[in-house]
Amino acid sequence: MRGRPTPGLGLPPEDRDGAPVTGWTRRHWIAVADHLLASLRPYRSPLGARISPPGRGSWSGGATDGLEGFARTAVLAALRLAAGDEPVRGGLAALADQVTAGLLAGTDARGPECWPVITDHSQQIVEAASIAVALHESRPWIWDRLTSGQQEQVAGWLGGTVGREVRENNQVLFQAVVGEFLASVGAGHDRAEIESRLEQIEPWYAGDGWYLDGPETRHDYRSGGPGEYAVGPAAAYDAGRRFDHYNAWGLHLYPLLWARIAGDRAGARAALHRERLYRFLDRYRLLFGPDGAVLHQGRSLSYRFACVAPFWLGALDDATPLTAGQTRRLASGVLRHFTERGAPDPRGLLPLGWYGEQSAAAQVYSSPGSPYAAAMGFLGLLLPAGHPVWTVPEERLARERADVSAALPAPGFLVHRTAADGLVRVLNHGSCYLMAPPAVERDDPHYARFAYSTRTGPLIGPEAEALRLDNHLALLLPDGTATRRERIHPLALTDRYAASWHRPLPPGGPVPGVLPPPVVSVSVPSGPWEIRVHGLCRPPGWGVREGGYALAAEEEPESVPGAWGSAGSGPGAVVRVAPGANGPGLVSAVAGLHGWAAAEVRRHVRANAFGHCSAVPLLVLPPASARVCDETSDTVTVMVSAVLLTGAPGVPAAPDVTVHVDGTEVRLAWPDGRKLLVRPVLPWRAPVIQG
C-alpha cells in the first residue's frame, strides 16, 4: 500500500517507461531537493549563517545547532547547484548567493552570527566537514567567486580543525576531509594529520566491506557540558562492536569524498576504498525492502535516506555490483518510501524521527538540523542527466522477489527476507553499542535486540526502554524487573542459523567479582518465523520473558485471540495492525515451543518511531516472588520460542516445526526432512544439520 507524497511537495508525472518499478526520475529527485531547500527559508537567521528548524535542541547548544542546520543544508544546496537544472525557486544563482552569504557571516569572527570556535572533540569539526564537501562540489558556484580575502576568512575558520583532537569513531574522517580541502585551495593544513586520520580506521575494518564505528575499547567520552571530555587511558571503556548505517553514511562515504578532493593524490588508498565499497554494497543491498523500506537499526536514524549515498557513490566511482538501473531503482524506492510517510512533513521539514516526528528516537547529540545529513542521499545529482544511472530503465535487484536467508559475518547479522510480504528482518548476533560512562545500564534498544526489521522499530523512551520487552530475552527478578543484553559475543553464523551469548545483567551496575552465568541463544529462520533456542541459568524464583516484534500505528494494534487453533498446548500471543499510511498490515506473534507458561500483550503510547500506539506479544515464565532469590543456579534451563513478523494476509499458521528437548540438546525437525540439533550451552559446539 502506497501513501501519498507530503502535501505541498510538487512532483512531476511518473515515468513508468523509464522507471517501471518506482516511476521516479531525476526530475523527482530535483523536485524533492528544491522543496526541502525552499521549506527551510523561514528558519534562516537574518544573515543566513544559522538554520534552526523547530524542535528539541542538542547537547551542543543553540549556536552550534544553527551551524549544523546551515552546514548540512549547504551540502544539499551544493549538490543542487552541481545538478545545474533550472528552475530552483529564485534560480541557481540566488541559491548560491544564499549559501555564500551564510558562509561569510558564519566565518566572520567579529560578526553577530559568527560560528562557535572549533575546539577539541567538538560538533564544529563534524560540520566543518560538511562545509568542506559543499565547497568542493560547488566550487565554480561559491568558492571560486569569493574574493581572496573572503577565501582567507573561510579557510581560517575551517583551519581551526587542524591539530584538534576528535572522537574515536567515524569523526576522524571529518578532519581528513577538511584538511584535504584546505590543501586543495592552498590553505594551511597538516599532511601527516590527514594521512594519520585516514589510517586510523584501518584497524576497524572487519572484512566484507564492513567497519566497526570506532575501536572496541574507546578512550574518550563526554564527561560534562559542551567541551568537557574525559580522554586518555584513564577514560578507557568497552564500547562494544558497533555495526550500523554509519558504514553507509560515514565510513565508506567520507574516504571516497576525500578522494574526490584529493584527486590523483588519492591513488592506491582510493582504489582500496572502492574495492571495499563494492563488497559492502553487494550485501548491504539486502537490508532494503522491495517497497523502499530501510532496516531500522542503529543510531542517527533521523538521517533517513542518507543510507543510499554509497549506492550513488558506487556509480560515481565505478565501484558497485549493481547495474545503473538497479542503483536508481533502489535509491528512488527509498526516497519515495519516505516522502509518502511524512518525511518531509507538511511543513516541508525533516524532523527528528523516522517517518514523522519522534524526538525520543534521536540521540542527545542530535539537533533539529541533524536530519539534513540526509542531503548525502542526493549524491546522485553529481551524475549528469545523460549518465546511464538516469537514462537506462530501472531494474529490480537480484533475488528481490525471492526468500532470502543470508549471513553477514562481519556485523553478525543473519538477513531473513520473505518474498510473500517483502519484509526484511535482521537477526542480530553481533552488533552492540555500549553507552559511554557515566551510564550504568549501557544497552541501547537500537543495538541490543535479537531482531530488527524494515517495518518495525524497538520501543523507545525511558519508561519503555527500562522494561526491555520487544525482541529481548530477559530473566525476571522477583520484583519483575528485567535483565539486559549488553555485550554480544558471536558464536556462529551461517545462512541457516546464528548464535551468540551474553550475560544477563540485572538492574544497576555490575557487581564487582560477580558475573551472571551466560545466556546462549540460537536463531533459526523457518519460513516467516524465527525459532529461538536459549540456554540459561535461572536463579531460584526468577522468571523468564521473551518478546516479539513491537508493532506500532496511529491506532492501537489489536490482539488476535485464539489464533493458534491446533498449534498445540504451548502459549502464544498475536497482535495485528491494519493497513495504513505506513504500509500494508502487519502481524507480530510469539509461540511457546518449550519451557513457557503463559503469554500476554503489553501496550505503550509514544514509544515507537513507527506510530503513536504500540503493542508487543510476550511469552512469560513468571517469577516466584515469595521465594528467596539470592542464590545462583548452575542448572541450564532450555527455552524454545517461535517469533513471527509477517505482512501476509489472514491469520498466521502455527510454526511448522517439531521440537524435542533432552537435557540441553534441542532437536528441531521440519516436514520436508530438515533437522537441526542445537546445544545452547558453553563450551559451544556447532549445530548438527541433517537434510
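Refer to the structure presented above.
First, a word on what this report is: a plain description of the structure on this page. Predicted model, so just to flag it, every value in this text is computed and none were measured.

This next bit is on the pattern of salt bridges. For the structure shown, the criterion picks out 40 salt bridges. Measuring nitrogen to oxygen at the nearest pair gives 2.8 Å for the salt bridge that ties Arg260 to Glu137. On the criterion of sequence distance, the pair formed by Arg260 in helix α9 (residues 253-262) and Glu137 in helix α4 (residues 123-137) is long-range, its members being 123 residues apart. Using a relative accessible area of 29% as the deciding quantity, one classes Arg260 as partly exposed. The salt bridge partner of Asp345 is Arg347, with a shortest N-O separation of 2.7 Å. Classification of Asp345 as buried rests on a relative accessible area of 8%. When salt bridges with common partners are traced through the structure, they connect Glu180, Arg191, Glu195, Glu199, Arg265 and Arg269 into a single cluster.

Here strand β11 (residues 473-476) shows two buried faces, one formed by Leu473 and Leu475 and the other by Ala474 and Leu476. Relative to strand β18 (residues 543-547), β11 runs antiparallel, the two sharing four bridges. Each bridged residue has a counterpart across the sheet, and for Ala474 the counterpart in β18 is Arg545.

As a further point, take the sheet that holds strand β10 (residues 451-453). A sheet is described by the order of its strands in space; here four strands give the open sequence β7-β8-β9-β10, paired in antiparallel fashion. Sheet topology places β7 (404-408) and β10 at the edges, where each strand pairs with a single neighbour. Neighbour-to-neighbour, the strand axes of this sheet turn through a mean angle of 20°, independent of strand direction. Inspection of the sheet shows strand β9 (residues 424-428) paired to β10 by three bridges, in the antiparallel sense. Paired with Leu427 across the bridge in β10 is Ala451.

What follows concerns the packing of aromatic side chains. This model, assessed by the stated rule, comprises 28 aromatic pairs. Ring geometry for Trp210 against Tyr284: centres 6.4 Å apart, planes inclined by 75°, an arrangement best described as edge-to-face. Here the residue Trp210 occupies a position in strand β2 (residues 210-211), and Tyr284 occupies one in helix α10 (residues 267-284), the gap between them amounting to 74 residues. Side by side, Trp210 and Tyr284 carry an identical accessibility label, which is buried. With a centroid separation of 5.9 Å and 65° between ring planes, the pair formed by Phe338 and Tyr355 is classed as edge-to-face. Linking Phe338 in helix α12 (residues 324-339) with Tyr355 in the loop between α12 and α13 (388-391), this pair joins segments that are 17 residues apart in sequence. On the basis of relative accessibility, which here comes to 3%, the residue Tyr355 falls in the buried class. Taken together, Trp29, Phe305, Trp312, Phe338, Trp354, Tyr355, Phe378, Trp390 and Phe610 form an aromatic cluster joined through their ring pairs. The ring of Tyr246 has Arg299 sitting right over it, with the charged end atom 4.2 Å from the ring centre. Over the ring of Phe450 we find Arg485; its NZ or CZ atom is 3.8 Å from the centre of that ring.

What follows deals with the packing of α4 against helix α5 (residues 148-158). Running from N to C, α4 and α5 cross one another at 145°; their axes reach a closest spacing of 10 Å. Contacts between α4 and α5 pair Gln124, Ala128, Ile131 and Leu135 from the former with Val154, Trp157 and Leu158 from the latter. Residue classes in the contact of α4 with α5 are distributed as six nonpolar, one polar and no charged.

What follows deals with the environment of Ala451. If you trace the backbone, Ala451 turns up in strand β10. For the pair Ala451 and Leu76, spaced 375 residues apart in the sequence, the C-alpha separation amounts to 33 Å. Apart from the residues lying within four places of it in its own chain, the contact partners of Ala451 are Val426, Leu427, Asn428, Asn471, Glu530, Arg532 and Tyr549.

Turning to the environment of Leu536, a few remarks are in order. Mapped onto the fold, Leu536 is located in strand β17 (residues 529-537). For the pair formed by Leu536 and Leu475, sequence separation is 61 residues and the distance between their alpha carbons is 8.8 Å. Look past the residues within four positions of Leu536 in its chain and what remains in contact with it is Leu473, Leu475, Pro518, Val519, Val544, Thr635, Val636, Thr637 and Met639.

Parameters and conventions
- Residues numbered from 1 in each chain as written.
- Predicted model: local features only at pLDDT ≥ 70, side-chain atom pairs only at ≥ 80, totals over all residues.
- Heavy atoms only, no water.
- Salt bridge = Lys/Arg side-chain N within 4 Å of Asp/Glu carboxyl O.
- Helix = DSSP H or I, 4+ residues; strand = E, 2+ residues; numbered from the N terminus.
- Buried < 20%, exposed > 50% of the residue type's maximum accessible area, 1.4 Å probe, protein only.
- Pairing = 2+ DSSP bridges.
- Axes fitted to C-alpha atoms, helices over the stretch in contact; angles between N-to-C directions.
- Phe/Tyr/Trp six-rings, centres within 6.5 Å; stacked < 30°, edge-to-face > 60°.
- Lys NZ or Arg CZ within 6 Å of the ring centre and 35° of its normal.
- Contact = heavy atoms within 4.5 Å.
- Nonpolar A, V, L, I, M, F, W, Y, C, P; charged D, E, K, R; others polar.

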